[in-house]
Amino acid sequence: KSQTSSNMSSIVVESPHPYCNNMEARHYYNFSSNQVEALKIDFVSSSSLRSGDRLIFSSSTSGRNPFKVFENGSLQDFFFIASSFYMHFDTNHSGTAYGFKFTVTPLNQCQLFSELPDEAFDDLSPRVLESPHPYCGRMNIHRHYAFRHSSVDIIRINFDSTSRLEARYDKLKFSRDSSGNDIIKAFNNNDMTDFTIENNEFYLHFTSDGSVNYYGYSFTATP
């Protein structure tokens, strides 16, 4: 079975409830819009497999190089960088469970950026950290970055000259805490000047309204 979607609409995929013994299901799902950067999988809470049964999300018909493999118990939400996938569902003969039901949501560049996790770096290499270019309306990003090497006690922030925000309405803030109250530096215009953080970590907060979207920010964080 295969299914192709040409827009950015979500689809729902599910097994029989409960599923059957000795199943070998192979399905292909493709989101052909050129806006799709990634796919997000959200399971309903009742989704479950018995030990020995497998649900695989893969880039290939063989199931090799999987994005994710579930072999028992509850199924956890995740996302992966792709616009299509093969789903493999194999069950044995020893019993069944509810099975799976999940929503596949295509993500554009800005939506993917919102899903990215915090980052911690173990070495002393500079890191380029940036928004989508251009950024999207109504973004609300909160992210934690840390350099975990024991020798790091300051981080230098150097902005690329192309960095640009909509003055007064879109805001970039660096803070010492996740709430953004203990501010290190804040920008709400295009004068994003280089500065130094006297710590080995920081929180970044980026918000935009729904009107004009410019290039965004790009800076190098050097420990």
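It should be noted that the structure appears before, not after, this text.
Here we summarise the structure given alongside this text. Here the structure is a predicted model, which is why all the values come from computation and not from measurement.

### A look at the overall build of the chain
Here comes step 1: From N to C terminus, the chain includes 1 helix and 20 strands.
Here comes step 2: A compact globule built from 223 residues would reach a C-alpha radius of gyration of about 17 Å, whereas the chain, at 22 Å, exceeds it by more than 25%.
Here comes step 3: Reported as C-alpha extents along the three principal axes, the dimensions of the chain are approximately 65 × 40 × 30 Å.
Here comes step 4: Burial statistics for the chain: of 223 residues in total, 39% are counted as buried.
Here comes step 5: Contacts spanning at least 24 positions in sequence make up 79% of the contacts within the chain whose residues lie at least 6 apart.
Here comes step 6: Total accessible area on the chain stands at roughly 11,600 Å², and carbon and sulfur atoms take up 42% of it.

### Here's the deal with the sheet that holds strand E2 (residues 11-14)
Here comes step 1: Within the open sheet, the 4 strands sit side by side as E2-E11-E4-E9. Their pairing is antiparallel. The sheet is open, and its two edges are formed by E2 and strand E9 (78-80), each paired on a single side. The mean inter-strand angle of the sheet, taken between neighbouring strand axes irrespective of direction, is 25°.

### Description of the pattern of salt bridges
Here comes step 1: Taken as a whole and assessed by the stated rule, the structure comprises 5 salt bridges.
Here comes step 2: Between Arg-148 and Asp-122 there is a salt bridge, and its shortest N-O distance comes to 2.9 Å. Pair noted here: Arg-148 is in the loop between strand E14 (140-147) and strand E15 (155-159) and Asp-122 is in the loop between strand E12 (119-121) and strand E13 (127-130), with a separation of 26 residues, a long-range link. The burial state of Arg-148 is the same as that of Asp-122; both residues are exposed.
Here comes step 3: When the shortest N-O distance is used, the salt bridge between Asp-123 and Arg-127 registers 2.9 Å.

### Section: the pairing of E14
Here comes step 1: Counting buried positions over the 8 residues of E14 gives 6, a clear majority of the element.
Here comes step 2: Summarising the sheet, E12 and E14 pair through 3 bridges and their orientation is parallel. Bridge pairing in E14 links Glu-119 to Tyr-145.
Here comes step 3: Bridge count for E14 against strand E19 (residues 201-207) is 7 bridges, and the pairing is antiparallel. From the neighbouring strand, Arg-143 faces E19, where its bridge partner is Leu-204.

### So, the layout of surface pockets
Here comes step 1: Estimated volume of the largest pocket: approximately 150 Å³.
Here comes step 2: Together, 15 residues line the largest pocket, and Val-13, Glu-14, His-27, Tyr-29 and Met-87 are the ones closest to its centre.
Here comes step 3: Among the secondary structure elements, those contributing two or more residues to the lining of the largest pocket are E2, strand E3 (24-31) and strand E10 (84-90).
Here comes step 4: A per-element tally of the lining of the largest pocket places E2 first, with 4 residues.

### As for the sheet that holds E15
Here comes step 1: If you trace the 4 strands from one edge of the open sheet to the other, you get E13-E20-E15-E18, paired in antiparallel fashion. Pairing within the sheet leaves two strands with one partner each, and these edge strands are E13 and strand E18 (195-197). Strand-to-strand twist across the sheet, computed as the mean angle between neighbouring axes with direction ignored, equals 30°.
Here comes step 2: Of the strand pairs in this sheet, E13 and strand E20 (residues 218-222) are connected by 4 bridges, and their pairing is antiparallel. Note that in E20 the partner of Leu-129 across the bridge is Phe-219.

### Quick word on unusual backbone geometry
Here comes step 1: Between His-17 and Pro-18 the backbone carries a cis peptide bond, its omega angle lying at -10°.
Here comes step 2: Mapped onto the secondary structure, Pro-18 falls in the loop between E2 and E3.
Here comes step 3: In this model, His-133 is joined to Pro-134 through a cis peptide bond whose omega is -5°.
Here comes step 4: Here Pro-134 shows up in the loop between E13 and E14.
Here comes step 5: Backbone geometry places Arg-138, a non-glycine residue, at a positive phi of 60°.

About the thresholds
- Residues numbered from 1 in each chain as written.
- Predicted model: local features only at pLDDT ≥ 70, side-chain atom pairs only at ≥ 80, totals over all residues.
- Heavy atoms only, no water.
- Helix = DSSP H or I, 4+ residues; strand = E, 2+ residues; numbered from the N terminus.
- Rg over C-alpha atoms; globule rule 2.2 N^0.38 Å.
- Buried < 20%, exposed > 50% of the residue type's maximum accessible area, 1.4 Å probe, protein only.
- Contact = heavy atoms within 4.5 Å.
- Areas by Shrake-Rupley, 256 points an atom, 1.4 Å probe, with all protein chains shown as cover.
- Pairing = 2+ DSSP bridges.
- Axes fitted to C-alpha atoms, helices over the stretch in contact; angles between N-to-C directions.
- Salt bridge = Lys/Arg side-chain N within 4 Å of Asp/Glu carboxyl O.
- 1 Å grid on protein atoms, 1.4 Å probe; cavity = no way out; pocket = protein on both sides within 12 Å on 5 of 7 lines; lining within 4 Å.
- Points joined across faces, edges and corners; volume = space filled by probe spheres on them.

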